[in-house]
Amino acid sequence: MTTLDLPPATAAAPGPGAAVPAAGPAEPRPEKRVKLGGVTREDVLTVAGSAIGALALNWMLYERVLPFSGAFGFLVCWYLLFLGAYFTLGRLQWGPLLVRERLVSVVAWSAGLLVLALIVDQVGYLGVRGYEAAQHLNFFTESMERTAALSPITSGGALNAIVGSLEQVGLATLFAVPLGIAAAIFMSEVGGRMARPVRTLVEAMTALPSIVAGLFVLGIVILTLGFDKSGFAASLALTVMMMPIVTRASEVVIRLVPGTLREASYALGGSQWRTVWNVVLPTARPGLVTAVVLGVARGIGETSPVLLTSGFTPQFNADPFHEHQVSLPLYIWNYVKQPYPEMVARAFAAGLTLMALVLILFVTARVLGGRRPGELTRGQRRRIDREARRAESAARSSRRAGTVRPAAVAQSAAVRRTAVRQTAAHPTTALPGNS
């Protein structure tokens, strides 16, 4: 039996006079994972306890001690007491810096929840009041031409107002967007002595009351030039309201484009306008889409300019250049003040339709302009990948025929595939051969 085969020797117990050997280094304790962020049970209990305690104290003071009344004041006092109670409870268990951080987080969350609650309340109120009329298909397929005040809810609708709003806002967008973006390019890229007066005029028009825009178009286009009230005149009034919004937002977005992109274009021999058209505008495309959305949101809900310039008619008119044409805001304003429940229900249904149109426009704009500058679509990536596979198949055919060196073609296809992957990961990277 060798030494390696012997069983391990057991350590003998030290005698009474023997020295106790020094203990070796202690085994390290297992590391405890620290969780960054998230919500713990202490956070939830602190918020719940602060809210319940503030509610009880507020009810005792507001209803029993102090001579106050009203739901709004009750909610405001409850919120202030809640913040004070949360700060006090947090100070008992956390440090001052952590208490301030979590207090700011609670304020931000409560503000976001308040905004969300207001939106849900508005949408729910419109839905409840307008569902009576919106549930019938005739509301979206008929106009009010053959509908009287006491007609049932199954008669008449808002087709004329829907078509009028779409045509008026479409014409206003067609006029305002090119002018607004051109003015923004002039102020941010061209400059000169006229840039400051143009910027001052745009800032003044931003705060222009909508009724003034309607009066301007009424006095110049209708009374002076002799045009009739029509959807075209209403679109001109909406253009006056939308153009400064588009200009201001577009200027801010264009100024955010890095100057190194412009310098690179100039270094490659590009002119100023070619740089603006091929570099600045594609880079600022998502922001420009947001600017257009803001302008459309400003114009689609205006009532007073349309009231003065388009006139009101219950008939269906798809021609915005002749005769009166009604829009959804004017439709709502005319029918919501009538004393007939059916008319009021139609007005609320029109408000719900207007909200749905705005939502559709916003989603469409974000889908069209939501990609980052230079980012390829799925169809473009599939097409490039298909071309790479076709090149590989052609390389194999040429290798069998012995006419082309296989290494060169395979290397070209590999470079192409690598460029596609890099472009998908970094959208600003240009593909070889696509410049």
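Predicted model, so just to flag it, every value in this text is computed and none were measured.

**Q** An account of the overall build of the protein is requested, with residue identities and associated values reported.
**A** From N to C terminus, the protein includes 16 helices and 0 strands. Looking at the protein as a whole, 33% of its 435 residues are labelled buried. The long-range share in the protein, meaning contacts at least 24 apart out of those at least 6 apart in sequence, stands at 68%. As displayed, the protein has an accessible area near 27,200 Å², and 66% of this comes from carbon and sulfur atoms.

**Q** Kindly report on helix α8 (residues 231-255), identifying the contributing residues and their values.
**A** Between its first and last C-alpha, α8 extends 35 Å over 25 residues, near the 36 Å set by a 1.5 Å rise per residue. At Met242, α8 shows its strongest bend, of approximately 30°, with the proline Pro244 following within four residues. Burial analysis of α8 places 19 of its 25 residues in the buried class, the great majority of the element.

**Q** If you had to explain the packing of helix α5 (residues 159-190) against helix α11 (residues 285-300) to someone new, which residues and values would you point to?
**A** Packing of α5 against α11 leaves a shortest axis separation of 10 Å and a crossing angle of 135°. Between α5 and α11, the angle falls in the class oblique. When you trace α5 past α11, the crossing you get is right-handed. Residues Val169, Thr173 and Val177 of α5 pack against Val292, Val296 and Ile300 of α11. Here the residues of the contact of α5 with α11 are counted per class, giving 5 nonpolar, 1 polar and no charged.

**Q** Outline helix α6 (residues 195-206), listing residues and values.
**A** End to end, α6 covers 17 Å across 12 residues, agreeing with the expected 16 Å (1.5 Å per residue, within 8%). Turning to α6, its buried residues number three or more, namely Ala195, Val202 and Met205. The arc enclosing the buried residues of α6, seen along the axis, measures out at 95°, which places them on a common side. Taken together, the buried residues of α6 touch α5 and α8.

**Q** Describe the side chain of Ser151, and please don't skip the residues or the numbers.
**A** You can see Ser151 is positioned in the loop between α4 (138-141) and α5. Overall, Ser151 belongs to the buried group, its relative accessible area being 13%.

**Q** Tell me about the packing of aromatic side chains, and name the residues and values.
**A** All told, the structure shown has 10 aromatic pairs when counted by the stated rule. Centroid distance Tyr79 to Phe82: 6.4 Å. Interplanar angle 40°. Geometry classified as tilted. Taken together, the positions of Tyr79 and Phe82, both in helix α2 (residues 71-93) and 3 residues apart, correspond to about one turn of that helix. With a relative accessible area of 31%, Tyr79 lands in the partly exposed category. Residue Phe82 is classed as buried on the basis of its relative accessible area of 9%. Measuring from centroid to centroid gives 6.4 Å for Tyr86 and Trp94, while their planes differ by 55°, and the two rings are tilted.

**Q** Tell me about the environment of Asp43, and please be specific about residues and values.
**A** Within the secondary structure, Asp43 sits in helix α1 (residues 41-65). Taking the relative accessible area as the measure of exposure, Asp43 reaches 12% and is therefore buried. Of the polar contacts made by the side chain of Asp43, one reaches the side chain of Thr40; its length is 3.1 Å.

**Q** Quick one: what's the story with the side chain of Ser50, residue by residue and with numbers?
**A** Structurally, Ser50 can be placed in helix α1. With a relative accessible area of 0%, Ser50 lands in the buried category. Ignoring anything within four residues of it in the chain, the contact list for Ser50 reads Phe82, Ala85, Tyr86 and Leu89.

**Q** Let's hear about the environment of Ser235: which residues, and what values?
**A** Examined against the element boundaries, Ser235 turns out to sit in helix α8. Take Ser235: its relative accessible area is 0%, and that puts it in the buried class. Separated by 67 residues in the primary sequence, Ser235 and Gln168 place their C-alpha atoms 4.8 Å from one another. Residue contacts for Ser235: discarding those within four places in its chain leaves Gln168, Leu171, Ala172 and Phe175. Within the local environment of Ser235, its side chain forms a polar contact with the backbone oxygen of Phe232, the two atoms lying 2.5 Å apart.

**Q** Outline a positive patch on the surface, supporting the account with residue identities and numerical values.
**A** A contiguous patch of positive charge, built from Arg378, Arg382, Arg383, Arg386 and Arg390, is present on the exposed surface. The partly exposed category is assigned to Arg390, whose relative accessible area is 48%.

**Q** Describe the packing of helix α10 (residues 272-283) against α11, and please don't skip the residues or the numbers.
**A** The N-to-C vectors of α10 and α11 enclose an angle of 65°; their axes lie 5 Å apart at closest approach. Looking at the two axes, α10 sits roughly perpendicular to α11. Contact with α10, carried on its side by Leu281, Pro282 and Thr283, involves Arg285, Pro286 and Leu288 of α11 and no other residues of that element.

**Q** Run through a nonpolar patch on the surface, naming residues and quoting values.
**A** On the surface, a cluster of nonpolar side chains totalling about 630 Å² of accessible area is made up of Leu57, Trp59, Met60, Leu61, Val65, Leu66 and Phe68. Structurally, Leu66 can be placed in the loop between α1 and α2. Leu66 sits in the partly exposed class, given a relative accessible area of 38%.

**Q** Outline unusual backbone geometry, supporting the account with residue identities and numerical values.
**A** Within the chain, Glu323 stands out as a residue other than glycine whose phi angle is a positive 65°. Examined against the element boundaries, Glu323 turns out to sit in the loop between α12 (304-309) and α13 (328-335).

**Q** Hey, could you go over the confidence of the model for the protein for me, with residue numbers and the actual values?
**A** For the protein, per-residue confidence averages 81 on the pLDDT scale, and residues scoring 70 or more make up 81% of the total. Predicted confidence for residues 423-435 stays below pLDDT 50, and this span has 19 contacts to residues more than four positions away or in other chains.

Cut-off values and rules
Position numbers for residues start from 1 in each chain and track the written sequence from start to end. At least 70 in pLDDT is required for a residue's local features to be given in this predicted model, at least 80 for side-chain atom pairs to be given and counted, and no such filter applies to totals for whole chains, interfaces and linings, which use all residues. Hydrogens and water molecules were not included; the side-chain quantities draw on all heavy atoms of the structure. Only DSSP runs of H or I reaching four residues or more are called helices, and only runs of E reaching two or more are called strands; each is numbered from the N terminus. For every residue, the accessible area obtained with a 1.4 Å probe (protein chains only) is divided by the maximum for its type, and the residue is called buried under 20%, exposed over 50%, and partly exposed between those limits. By the convention used here, residues are in contact when the closest approach between their heavy atoms is within 4.5 Å. Working definition of accessibility: Shrake-Rupley area with a 1.4 Å probe, residue cover restricted to the visible protein chains. How far a helix is expected to stretch is found by multiplying one less than its residue total by 1.5 Å. One axis is fitted to the seven residues ending at the residue and one to the seven starting there. The bend at that residue is the angle between these axes. Interaxial angle, 0 to 180 degrees, is taken between N-to-C directions of lines fitted to C-alpha atoms, where a helix line uses only the stretch in contact. Roughly parallel means an angle under 35 degrees; roughly antiparallel, over 145; roughly perpendicular, 65 to 115; everything else is oblique. Note: crossing handedness is left-handed where the near helix turns anticlockwise from the far helix by less than a right angle, and right-handed where it turns clockwise. Residues were grouped as follows: Ala, Val, Leu, Ile, Met, Phe, Trp, Tyr, Cys and Pro as nonpolar; Asp, Glu, Lys and Arg as charged; and all remaining residues, including Gly, as polar. Think of the arc as the fan of directions from the helix axis to the C-beta atoms. We call Phe, Tyr and Trp rings a pair once their centres come within 6.5 Å, taking the six-membered ring for Trp, and we label the pair stacked below 30 degrees between planes, edge-to-face above 60, and tilted otherwise. Any N or O atom pair separated by 3.5 Å or less is treated as a polar contact, with the protein-specific requirement of one donor-capable and one acceptor-capable atom, and with residues adjacent in sequence counted only for side-chain atom pairs. Exposure above 30% relative accessible area and the absence of a salt bridge qualify a residue for a patch, where like charges join within 9 Å and nonpolar side chains (Val, Leu, Ile, Met, Phe, Trp, Tyr) within 5 Å. Any carboxyl oxygen of Asp or Glu within 4 Å of a side-chain nitrogen of Lys or Arg constitutes a salt bridge here. Only four residue types enter the tally: Lys and Arg on the positive side, Asp and Glu on the negative side; His and the chain ends are excluded. For this purpose, a charge sits on NZ of Lys, CZ of Arg, CG of Asp or CD of Glu. As a per-residue measure, pLDDT tells how confident the predictor is, with possible values from 0 to 100.

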